[in-house]
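Residues per chain are reported as follows:
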Amino acid sequence: MPEPSVRFPDGFLWGAATAAYQIEGAVAEDGRGSSIWDTFSHTPGAVLRGDTGDIACDHYHRWREDLDLLRDLGVGAYRFSVAWPRVIPAGTGPVNPAGLDFYDRLVDGLLERGITPMLTLYHWDLPQALQDTGGWANRDTAEHFADYASVVHGRLGDRVPYWLTLNEPYCSAVVGHLEGRHAPGVRDERVAVTAVHHLLLAHGKAVAALRAGGATGQVGITCNLTSVHPASDDPADVAAARRLDLHENRMYLDPLFRAAYPEDAAAHYAPVTDFGFVRDGDLQLIAAPLDFFGVNYYERHHVAADPADPVRGWRRVPPEHPTVTDIGIHPEGLAEILDRVAKEYTPLPLVVTETGLALHDYAGPDGEIADDERIAFFDGHIRAAHDALTRGVPLIGFFPWSFMDNFEWASGYGVRYGIYYVDYPTQRRTPKRSARWYAGVIRANGLE
Ligand SMILES: OC[C@@H]1[C@@H](O)[C@H](O)[C@@H](O)c2nc(CNc3ccccc3)cn21
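Residues numbered from 1 in each chain as written. Predicted model: local features only at pLDDT ≥ 70, side-chain atom pairs only at ≥ 80, totals over all residues. Heavy atoms only, no water.

### Some thoughts on the environment of M404
Consideration 1: The topology assignment puts M404 in the loop between strand 10 (395-398) and strand 11 (420-423).
Consideration 2: Distance from M404 to Q22, taken between C-alpha atoms, is 9.8 Å for residues 382 residues apart in sequence.
Consideration 3: Apart from the residues within four sequence positions on either side, M404 is in contact with I23, C57, D66, G418, Y420, V422 and R429. (Helix = DSSP H or I, 4+ residues; strand = E, 2+ residues; numbered from the N terminus. Contact = heavy atoms within 4.5 Å.)

### Overview of the pairing of strand 9 (residues 350-354)
Consideration 1: Counting buried residues along strand 9, 5 of its 5 residues qualify, which places the element largely inside the surrounding structure.
Consideration 2: Alignment of strand 7 (residues 293-304) against strand 9, held across 4 bridges, turns out to be parallel. Its bridge partner being in strand 9, N296 is matched across the sheet by E354.
Consideration 3: Here 3 bridges tie strand 9 to strand 10, and the two strands are oriented parallel to one another. Paired with L350 across the strands is L395, a residue of strand 10.
Consideration 4: Taking the sense of rotation as the criterion, the β-α-β connection linking strand 9, helix 14 (residues 372-390) and strand 10 turns out right-handed. (Buried < 20%, exposed > 50% of the residue type's maximum accessible area, 1.4 Å probe, protein only. Pairing = 2+ DSSP bridges. Right-handed = clockwise from strand over helix to strand, strands pointing away.)

### Here's the deal with the nonpolar core
Consideration 1: Within the largest apolar cluster, 129 residues are counted, with the highest numbers of intra-cluster contacts made by W37, Y103, F145, M251 and F293.
Consideration 2: Setting aside residues no more than four positions away along its own chain, Y103 makes contact with A20, E24, F80, S81, V82, A83, R86, V87 and L156.
Consideration 3: L13, A19, Y162 and F399 belong to the second largest nonpolar core, which has 16 residues in total. (Core = buried A, V, L, I, M, F, W, Y, C linked by side-chain atoms within 4.5 Å.)

### Digging into the pattern of salt bridges
Consideration 1: One pass over the structure, following the stated rule, counts 40 salt bridges.
Consideration 2: Notably, a salt bridge pairs D101 with R155, separated by 2.6 Å at the nearest N-O pair. Placement of D101 in helix 5 (residues 97-112) and of R155 in helix 7 (residues 140-156) is noted, with a sequence separation of 54 residues between them.
Consideration 3: According to the relative accessible area criterion, R155 is partly exposed, its value standing at 27%.
Consideration 4: Connected via shared salt-bridge partners are R242, D245, R250, E263, D264, R340 and E344. (Salt bridge = Lys/Arg side-chain N within 4 Å of Asp/Glu carboxyl O.)

### So, the pairing of strand 11
Consideration 1: Pairing of strand 11 with strand 12 (residues 428-431), which is carried by 4 bridges, proceeds in the antiparallel orientation. Bridge pairing in strand 12 places Y421 opposite T430.
Consideration 2: Linking two consecutive strands that pair antiparallel, namely strand 11 and strand 12, is a turn of 4 residues; a positive phi of about 65° is found at Q427 within it.

### Some thoughts on the layout of surface pockets
Consideration 1: Approximately 1100 Å³ is the volume attributed to the largest pocket.
Consideration 2: As for the largest pocket, its lining consists of 41 residues, and the residues nearest its centre are R181, Y298, E299, T325 and I327.
Consideration 3: Those elements that place two or more of their residues in the lining of the largest pocket are helix 8 (169-177), strand 6 (218-230) and strand 7.
Consideration 4: The element best represented in the lining of the largest pocket is strand 7, accounting for 6 residues.
Consideration 5: In terms of residue class, the lining of the largest pocket is made up of 16 nonpolar, 14 polar and 11 charged. (1 Å grid on protein atoms, 1.4 Å probe; cavity = no way out; pocket = protein on both sides within 12 Å on 5 of 7 lines; lining within 4 Å. Points joined across faces, edges and corners; volume = space filled by probe spheres on them. Nonpolar A, V, L, I, M, F, W, Y, C, P; charged D, E, K, R; others polar.)

### Some details on unusual backbone geometry
Consideration 1: Put simply, A183 and P184 share a cis peptide bond, and its omega is 10°.
Consideration 2: Relative to the helices and strands, P184 is located in the loop between helix 8 and helix 9 (189-212).
Consideration 3: Residue S402 follows W401 across a cis peptide bond; omega there is 10°.
Consideration 4: Inspection of the secondary structure puts S402 in the loop between strand 10 and strand 11.
Consideration 5: Even without glycine at this site, D58 takes up a positive phi of about 50°.
Consideration 6: Within the secondary structure layout, D58 lies in the loop between helix 2 (36-41) and helix 3 (59-73).
Consideration 7: A positive phi angle is found at E168, which is not glycine, with a value near 55°.
Consideration 8: As for its placement among the helices and strands, E168 is situated in the loop between strand 5 (162-167) and helix 8.
Consideration 9: When its relative accessible area of 5% is taken as the criterion, E168 is described as buried.

Pasting the structure below:
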């Protein structure tokens, strides 16, 4: 095999990623409790076409077959999430043994196939019973999350080397509590900023709980970060871009790695909150030392001042060539945010825990799903990741989103991110052209 022109270090972690509510189905099986996404997806008008995760990819029953597909891909690692309501159905209180048993079998199945587990404790599926007592607006939820983390670690900590506390606190807090496009469908900026803090506090408490539980594995968190650029050098556009960077990036990076909210946060959010929800010691807990940091990258924004709200608002300039999810494709943005995190925030090892492209995939007359756009997307983003690596960024892994087509939140099954195609009526999995291409990247440990 010729040496690849873009070669990654030996031991680089090539993975694939999913999340519980998006693939498992079996939402009422073996003692699983309800989550806010069960409630939200069953709310008329909340999800495209009324799609739900009730069945999804039926992974709960097909996990052995799916692990075989991961083995066929040749991935070194698999990023999955544990459904909190499957393990502790009411979010706090009694543990559901059958829920833990499922993940126990899954982890053993990965290890038997030589695949390293990377476990996300929370990928948005908060137990509904906790939402009923305020959810992330209630500080108690942070404590319940730490208790849940201890339970999962107690069962799987001896075999899972990589632990991510949260997937994208921004999405849980802002998309779920300000924009209302995600569960629990709240539209209240004060609640959203409070949720930001309680999610970060939950992360900090969970890190402490994992350490107290003797965690020998690597503990981290995943944030979705965006590259943000002013649409022009007009001071109003530059200021708007800085506000969006605060809102999407620095509200998470600063607490996590500097133990403080950004200096411009108080003024920006002053109309809705005085940050009275922050208590002594919270920020030190949130900034607990980690072992690695996960970066999800999808978007590069060009930002202009919003004439309707020039003081606090911003306007995202639409991309010239929008994808089916109306975002642009900017692999250089991945290198930019990796450089930024490494240079401005932390020397920790970094993992690209998600990046991917939504398409309306279909099989051609020959039966092949020729997702060449997705191949080009990953080629560009892997090259960008390698650029960052050659500049000294301690990148240790890359996980395409997603292993298989799945329930894409408010878009339901309307778009596809997988490198495996899922025919939902039959649940048949078919490797797309990108799966075969990615298997080659893994074998070569790089790109031609
Ligand atoms: O939307 C694609 C994936 C999604 O399937 C994953 O579960 C989630 O971790 C994920 N995060 C982003 C990036 N951030 C985002 C921003 C606004 C709405 C939804 C996602 C994309 N994705």
